[in-house]
Structure formats: structure tokens, C-alpha cells
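Here is what each chain is made of, one letter per residue.
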Amino acid sequence: MGVNTRSFGKPYPSGTRRVKKMKNEETIWKLLAEVKDPELPVLSVVDLGIVRKVELMDEGARITITPTYSGCPAMDVITIQIRMELTSHGFNPVEIITELSPAWTTEWMSVSGREKLRAYGIAPPNPKQQVCTPEYFQREEAVQCPHCGSYHTGMISEFGSTACKALYQCEDCKEPFDYFKCH
Amino acid sequence: MSFLLSLHLADDALMLGHRNSEWTGHGPNLEQDIAISNIALDLIGQARNFYQYAASQFNADRDRYRGLIQSPAFLQVAGAIDEDDLAYLRDAGEYRNHLITELNKGDWAVTITRQFFVSAYQQLFYSDLQHCPNETLAAIAEKSLKEVNYHLRWSGEWVIRLGDGTVESHRRMTTAIDLLWPYTGELFIAAGFQKDAMASELIKDPAMYRQPWLQRVESTFEQAGLKVPESTWAQQGGKEGTHTEQLGYLLADLQYLQRSHPNAEW
């Protein structure tokens, strides 16, 4: 089932260097690991867990991705970047399918992705979805400050600089920080 | 008739998303400005998903749906239609949203109360739609529900904060509830296309959501020290294309660019 199915079957642009390489799924995964989320430049699309399937199609590739949030403006950019990365390495055509179900969850974020987030100054999502239910004034289990490591932190706003983040502040080092909220 | 159902769900999300986006840069403080803008973004993303599906349904059976959209700008579209044609090129009478979603954003109390009423309804509705036999609608519902849960919690907390806040915030909440209450009844009255969708077991009778919705409203209002109005009179017609004057102004803003500069991209 594909909502928002986009096919990018445009001919190979002239003047682009065609790289002769082994074409297999492993190569595709390696290339995808180079495609970063424009709003979280330390995370690749593989780290984020949005790549659901990779298929080799003769000379081309078919990539199935799932959006993080319905309105995430980074998704369009990510789609374009995946296409550019793969076409510049000789995959043609590149087809990108967007699937909504099963819905993306932060559980799919890689362990190394979580560590990269923390190093970047963003608290990674807590491992379990504890408070993704609509009960009022509930808070997640303590979120650890990515700067000083304290668990003595408080939420300032459930909605942060992007749809996927909430705004927190550390009560010890006083630094405000983004928390990649569980979803 | 999943075309009209999908169009209706898209219109609801787009109107509410657009109204919320009017707060961007004007929120009561920075954090809440960001919050309401994020909610707007979620809603417009949901609208895109439903419009894309509606467009695919339209393209697959043009003869069946052609008569439903007669605006001259829409009729000029050559070839297959897409999400943007549905969002930007219809006239007011061709929108199928609930009236409550198109009303002016009002003050913060009106925006919060409207968001709470609609999120509480959407939460119930999407919880069922995610299990419906139409795979695409089910997938969009599953995705949307995760976001709606956040919207409901955020708006419900604000209802309590404002209702149980100062004399002034309480007064504004009471005014907002009185203003919006007559528009809530429409959420639970099936329009023609909803009856068709019920017959094909895509959706349940929206009347079934009235009681659980009311329970959430009552329990939230109780915590907020607010009263649920007794009136049961319902203003309706939005789902059949009869709208308030406020939709015209909204569309003038929303559609201006595409109508003045057709096919403009940025």
C-alpha cells in the first residue's frame, strides 16, 4: 500500500559521472547511511529508522520510507537527497515509496543514532513509550540532560523547534535542551 | 464512496491547520507559538495525505466524481489532478469540512477550546478508522492518531489551565465555549457521504461518538471549573457545502497565490 507514491524515473542527467560499482542491497544501505536528516544533520535516514525496505531493481533501486510526522517538512528534502545520492552512484531509475503503515516510532531509531543525538546536545527518546496517551499533566520518566547528565530536568514545552522534539531545561546546569520525544 | 470521505477529512485538517497557522508569530509566548504552529503542521500533513488519496480516487474514476467539483479554476486542470488542485482550486461550496474547523481563530481561549473539541472527536474517530477495511485510510488514521493524542493532551491541559486560571481567563473560556458549542453537534450528525461510508462499513455512525466525546469534555471541564452548556441545538451544513461567511475569507487568504499565479511554485 503506498500513499504518496512518487516515481523518479528521469533519465540519467548528462555530465554526471557514472560510478562503476557493485550494485547490491548492501551498497544501497551504505549510501543511505550518508543521507542525513536536514534538521538533525548528525542522524542518517538509517539511524532515524525511516528506511523500511531496500530493493535492487535491475539498474535501479526501490526504497520504501515512512515519515516521522505527517507534516514533517524534512521528508520532502530527504526524498530528494536519497534520489540524488543513489543516482549519483549509478542507480537509475530510483523509485521512492512512502508508506504510512506501520506508523514510524522512535523505537526504530538505532542505538548509534541515539548516541549521536546525545553527543549533538539533543536528549534521545526514552526507550519505551510511557506517556503517549492523552492523560493530562503526565510527564515522561526523567529525561537526562545531554549536557551534564543530570536527571533533574523539567519540560518547558511539549512542542519544540521541530515536530519531533520537546523543549526541556536542566535544573542543575540550567541549560535548555531539546528532547527527541517518544512517538 | 471513499473520495468524499477522504476529501472531508482532508478539508477538516486543512481548515483547522490553516486557522492554527494564523498564530505563527503571534502566539501568547514563544513556546506556545511554536506549539500551535507544530500542531498546524501536523494537521496540514494529515490533510496532504487525505488529499493525495482523494486525488487518486478522483483520477481513477473521473466520470463518477466529475460533477462534484465545478469551480472554473478546477475544471481547467488538464490531465490528472493532484493534492494542490483539491486544496487550492475549489470554491467555498465544494469544501466538506465541519463548520467548527473554519471559524475565525478568535482569542487564545477560542483556539484552545476549538482544538480540544476537535481533537477529542478526532481521537475517537481515528481510533476506529485505523481498523477500517480501506488500507490507505486506515494507514493515514493510524499515523494521524499518534499526533492527535499529543494535540488532545496539549489542548486539554490548556482548557484546565485557563478555566481554572484567573477571573479573566475563566471569563474568556466561558465566552469561547458559548460561541463554539452550537458547532459541536455537527460532528455527530452523519452527512450523505458518511451514510454511504457507514453502509460499506468504512466508518461507524458518528452519533456513536457523542457519548464518549461528552464524557471527555465533562471530565476535563470539571477539572477546569467550567460548565458544559445545556443547549443541544446544532449548527450544521458544512459537510454538505453550506458554510459560514468566515470560510470565504479563509479561502481568499489560502488560495490567493494559486488563483493569481496558477501553478506558481517556490
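These figures come from a predicted structure and were not determined experimentally.

## Things to note about the confidence of the model for chain A
Averaged over every residue, the pLDDT of chain A is 85; residues scoring 70 or more account for 84%. In this model, residues 1-19 of chain A is a region of pLDDT below 50 whose contacts with residues beyond four sequence positions or in other chains number 36 contacts.

## Digging into the pairing of strand 3 (residues 40-44) of chain A
Residues in a regular strand point their side chains to alternate faces of the sheet. All names here are of chain A. Alignment of strand 2 (residues 36-37) against strand 3, held across 2 bridges, turns out to be antiparallel. Note on strand 3: the bridge partner recorded for lysine 36 is serine 44. Between the antiparallel neighbours strand 2 and strand 3 lie 2 residues.

## A closer look at the sheet that holds strand 7 (residues 122-123) of chain A
Across a sheet, strands are paired by hydrogen bonds formed along the backbone, either parallel or antiparallel in direction. All names here are of chain A. Taken together, 4 strands build an open sheet; the order of strands is 7-10-9-8 and the sheet is mixed. Bordering the open sheet on either side are strand 7 and strand 8 (153-157), each of which pairs with just one other strand. Across 2 bridges, strand 7 lies against strand 10 (residues 176-180) in parallel orientation. Its bridge partner being in strand 10, alanine 123 is matched across the sheet by tyrosine 179.

## Re the environment of leucine 257 of chain B
Residues and elements named next belong to chain B. Following the sequence through the fold, leucine 257 ends up in helix 12 (residues 245-260). In this structure leucine 257 comes out as exposed when scored by C-beta crowding, with 12 C-beta atoms within 10 Å. Taking the C-alpha atoms as reference points, leucine 257 and glutamate 94, separated by 163 residues in sequence, lie 19 Å from one another.

## Description of the packing of helix 7 (residues 108-129) of chain B against helix 9 (residues 167-180) of chain B
Residue and element names in this part refer to chain B. Closest axis-to-axis distance for the helix 7/helix 9 pair is 8 Å, and the angle between their directions is 50 degrees. By the angle between their axes, helix 7 is oblique relative to helix 9. When you trace helix 7 past helix 9, the crossing you get is right-handed. On helix 9, the residues that touch Ala109, Val110, Thr113, Arg114 and Phe117 of helix 7 are Arg172, Met173, Thr175, Ala176, Ile177, Leu179 and Leu180.

## So, the packing of helix 1 (residues 2-21) of chain B against helix 2 (residues 30-60) of chain B
All names here are of chain B. Two elements in contact, helix 1 and helix 2, have axes whose closest approach is 7 Å; the angle formed by their N-to-C orientations is 155 degrees. Relative to helix 2, the element helix 1 is oriented roughly antiparallel. The way helix 1 lies across helix 2 gives a crossing that is left-handed. For the contact of helix 1 with helix 2, the residue count by class is 18 nonpolar, 8 polar and no charged.

Definitions and limits used
- Residues numbered from 1 in each chain as written.
- Chains lettered and ligands numbered in written order.
- Predicted model: local features only at pLDDT ≥ 70, side-chain atom pairs only at ≥ 80, totals over all residues.
- pLDDT = per-residue confidence, 0-100.
- Contact = placed C-beta atoms within 7 Å.
- Pairing = 2+ DSSP bridges.
- Helix = DSSP H or I, 4+ residues; strand = E, 2+ residues; numbered from the N terminus.
- Buried ≥ 20, exposed ≤ 12 C-beta atoms within 10 Å, placed from the backbone.
- Axes fitted to C-alpha atoms, helices over the stretch in contact; angles between N-to-C directions.
- Parallel < 35°, antiparallel > 145°, perpendicular 65-115°, else oblique.
- Left-handed = near helix turned anticlockwise from the far one by under 90°.
- Nonpolar A, V, L, I, M, F, W, Y, C, P; charged D, E, K, R; others polar.

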